[in-house]
Amino acid sequence: MSLLVGVLSLVLSWDRLGQVLYAVCAGLAVVVAVWTVRLLVRHAWYTHRLSCFSKPPVDSWLKGHLGKMKSTEEGLLEVDELVKTFKHSCSWFIGPFYHLVRVFHPDYVKPLLMAHANITVKDELIYDHLRPWLGDLLISNGEVWSRKRRLLTPAFHFDILKNYVNMFNTSTNTMHDKWRRLVADGTTTIEMFDHVTLMTLDSLLKCAFSYNSNCQESTSEYVSAIVQLSDLIIDRRQNLLHHWDWIYWKTKQGKQFKEALSVVHRFTRDVVQRRRALISQQRETETKAPRRKKDFVDIILLSKDEDGHGLTDEEIQAEANTFMFAGHDTTASAICWTLYNLARHPDYQEKCRQEVTDLMEGRDGQNIDWDDLANLTFTTMCIRESLRLHSPVQAVTRKYTQDVALPGNRTVPQGTICLVSIYGTHHNPTVWTNPYDFEPQRFDPTNTDRSSHAFIPFSGPRNCIGQKFALAELRVVVALTLLRFRLAPGENPELGSRSGGIRRLPQLVLRAEGGLWLQLEPLPTPTMDTPQAK
Ligand code: HEM
């Protein structure tokens, strides 16, 4: 800057330089004034259009509800209060910048989640930081999304999912072997998230890429990179300055993110390229390759749209990255909270255990098969109730390119960010009796009088493509765990009774502050000493 001024002063006289600086400052002042007026007019416009929604009191007219957004136990308790007070929806603003409608009642959730894909936009406030890592599936809109979704859907067909059940058994067995070793060495209280996250990554890698990472037993560069990326994304969200790319990429965290990203991208690129080469080699030589069960990469490599076009290698890599991201933490969270809820309710735990024991009676070994899943009725009810009470994903956001009508003559103006609160809907006392209690009977299959959008852990119709996969894995892991271990609530050994009980931690997925600790008591295995999947 000083160099520039020096050069200019050689060329211009001091008088002239003064005039130029004055003109620059005046120009800047006009730009700032126009920007501020535009912002205030926009703020007034949104305030007027959103006046049909109740607005909770704000700390100041400028900051709006900024101070109320907390990713802590207290933040969740405030949502409970909001839901009790406003019952279905309310409006929020964060400074004059963001205007939100928050909804937490099925009648309000439904029109938003059912709106046509052509008018629905995934709000970039939440998803933009994921873009360098993930493909467009989680983020894309309209026709682009519909085409990709059609091409990816076959990877989650029942016939394919059946093959994955064996991988779930194998990965769970590895985790349980580790638990047994820990208990034999005198550790009885275990932090669940660390163990279960590695297990879900292990099984996803087997299902998606037929890749045995052995990540539960030894360090895997790829798995460590995924865990690091997830942590860095949470970190970035919490630091407002890091929201701007040009700042973030210069920070230590930004550089770590890029390094981890290159590990992940190199891995998926290699898998996809090698697999495509293998498939075309088999076609050319018409080799009858030994029959290998198809995995996710095979299926999307072979998938074609109506015009006979498939996905490019880059698109497949991006989708594979999305599956790894969207599938591991969410499922791990669901498994951990289900085990936690069963640990806190020994009667339900025993009922589930009895169901699994009955199922396995007379069998040689302890493998849960695909056909068994439909017979785990009560266990599935407990899993669903846990997904309600401790939903892994707290909320999804959307924007619309047209106004959307809601009940009570309310309208969501186009461009407004809609925060569909899964947590709020699942804890709404006008929808659920005793919403804070764990009551699996709510999900008795004969109970059909619930609104279609009261239970939305996987969001609405533009929903989670992996939900059947997740529910199958949940049932296998929960069933095998109850067969082999008795669970009780535990305490972080470093804090003991000072831990003061569980405090929920809503990050990308719902976790627990300081970890989720459970006591494990191994149960005798009547049929086999070291169970292995078939
Ligand atoms: C209990 C476990 C899971 C929960 C609670 C969950 C929840 C969700 C939710 C709420 C969404 C909607 C996000 C949005 O609309 O903004 C979503 C989308 C998605 N999920 Fe899951 N998920 C789980 C497991 C999985 C698994 C195992 C996979 C893959 C193997 C997966 C892959 C995806 C993908 C690819 C999307 C984007 C779908 C699209 O936009 O078309 N999820 N998930």
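None of the values given here were measured: they were computed from a predicted structure.

1. Topic: the overall build of the chain
Argument step 1. Counting secondary structure elements, the chain contains 18 helices and 12 strands.
Argument step 2. The C-alpha atoms of the chain give 26 Å as radius of gyration, which agrees with the globular expectation for 534 residues (24 Å, within 12%).
Argument step 3. When the 534 residues of the chain are sorted by exposure, 37% land in the buried category.
Argument step 4. Considering only intrachain contacts with a sequence separation of at least 6, the fraction spanning at least 24 residues in the chain is 77%.

2. Concerning the domain arrangement of the chain
Argument step 1. Domains assigned within the chain are domain 1 (2-52) and domain 2 (66-522).
Argument step 2. Placing a centre on the C-alpha atoms of domain 1 and another on those of domain 2 gives a separation of 46 Å.
Argument step 3. Taken together, the contacts link seven residues of domain 1 with eight residues of domain 2.
Argument step 4. Looking at the side of domain 1 that touches domain 2 residue by residue, the class counts come to five nonpolar, one polar and one charged.

3. What about the sheet that holds strand E1 (residues 89-94)?
Adjacent strands of a sheet form backbone hydrogen bonds with each other and so pair up, either parallel or antiparallel.
Argument step 1. Reading across from one edge, E1-E2-E8-E5-E3 is the order of the five strands in this open sheet, with mixed pairing throughout. Strands at the two margins of the open sheet, each flanked by one partner only, are E1 and strand E3 (120-122). Between one strand axis and the next, the sheet turns through 35 degrees on average, direction left out of account.
Argument step 2. Examined bridge by bridge, E1 and strand E2 (residues 98-103) share six bridges and lie antiparallel to one another. Note on E2: the bridge partner recorded for Ser91 is Val101.

4. Let's talk about the site of the ligand
Argument step 1. By nearness alone, 23 residues border the ligand, and Ala326, Gly327, Thr330, Cys464 and Gly466 come closest of all.
Argument step 2. Those elements that place two or more of their residues in the shell around the ligand are helix H13 (313-344) and helix H18 (467-484).
Argument step 3. In terms of residue count, H13 provides more of the shell around the ligand than any other element does, seven residues in total.
Argument step 4. A class-by-class count of the residues in the shell around the ligand yields 14 nonpolar, seven polar and two charged.

5. Some remarks on the UniProt feature "binding site: heme" (unreviewed entry) in the chain
Argument step 1. Here, UniProt's "binding site: heme" (unreviewed entry) annotation points to Cys464.
Argument step 2. Mapping Cys464 onto the fold places it in the loop between helix H17 (422-426) and H18.
Argument step 3. Residue Cys464 is classed as partly exposed on the basis of its 18 C-beta neighbours within 10 Å.
Argument step 4. Sequence-distant contacts of Cys464, defined by excluding residues within four places in its chain, comprise Phe458 and Ser459.

6. Overview of the UniProt feature "transmembrane region" (unreviewed entry) in the chain
Argument step 1. Following the UniProt record, the feature "transmembrane region" (unreviewed entry) maps to residues 20-41 here.
Argument step 2. For residues 20-41, the end-to-end C-alpha separation is 31 Å, with 100% helix and 0% strand making up the annotated structure.

7. Thoughts on helix H9 (residues 221-238)
One turn of the α-helix equals 3.6 residues, which is why residues spaced by three or four share an orientation.
Argument step 1. With 18 residues, H9 should reach 26 Å at 1.5 Å per residue; the first-to-last C-alpha distance of 26 Å fits that figure.
Argument step 2. Those residues of H9 that sit buried are Tyr222, Val223, Ala225, Ile226, Leu229 and Leu232.

8. Focus on unusual backbone geometry
Of all residues except glycine, most have a negative phi; of all peptide bonds, most are trans.
Argument step 1. A positive phi is found at Lys87, a non-glycine position, where the angle reads about 65 degrees.
Argument step 2. As for its position among the elements, Lys87 is in the loop between helix H3 (73-86) and E1.
Argument step 3. Not every positive phi belongs to a glycine, and Asn214 is a case in point at roughly 55 degrees.
Argument step 4. Tracing the backbone through its elements, the reader meets Asn214 in the loop between helix H8 (192-209) and H9.
Argument step 5. The partly exposed category is assigned to Asn214, around which 13 C-beta atoms lie within 10 Å.

9. Remarks on the packing of helix H14 (residues 346-360) against H18
Argument step 1. Where H14 contacts H18, the two axes come as close as 9 Å, and the packing angle between them is 95 degrees. Classified by the angle their axes make, H14 and H18 are roughly perpendicular. Contacts between H14 and H18 involve Gln349, Cys352, Arg353, Val356, Thr357 and Met360 from the former and Ala479, Leu482 and Leu483 from the latter.
Argument step 2. Classifying every residue of the contact of H14 with H18 gives six nonpolar, two polar and one charged.

Conventions adopted
- Residues numbered from 1 in each chain as written.
- Predicted model: local features only at pLDDT ≥ 70, side-chain atom pairs only at ≥ 80, totals over all residues.
- Helix = DSSP H or I, 4+ residues; strand = E, 2+ residues; numbered from the N terminus.
- Rg over C-alpha atoms; globule rule 2.2 N^0.38 Å.
- Buried ≥ 20, exposed ≤ 12 C-beta atoms within 10 Å, placed from the backbone.
- Contact = placed C-beta atoms within 7 Å.
- Domains from an automatic or database assignment.
- Nonpolar A, V, L, I, M, F, W, Y, C, P; charged D, E, K, R; others polar.
- Pairing = 2+ DSSP bridges.
- Axes fitted to C-alpha atoms, helices over the stretch in contact; angles between N-to-C directions.
- Near = placed C-beta within 6 Å.
- UniProt positions renumbered as here; feature names shortened; annotations may be inferred.
- Expected span 1.5 Å × (residues − 1).
- Parallel < 35°, antiparallel > 145°, perpendicular 65-115°, else oblique.

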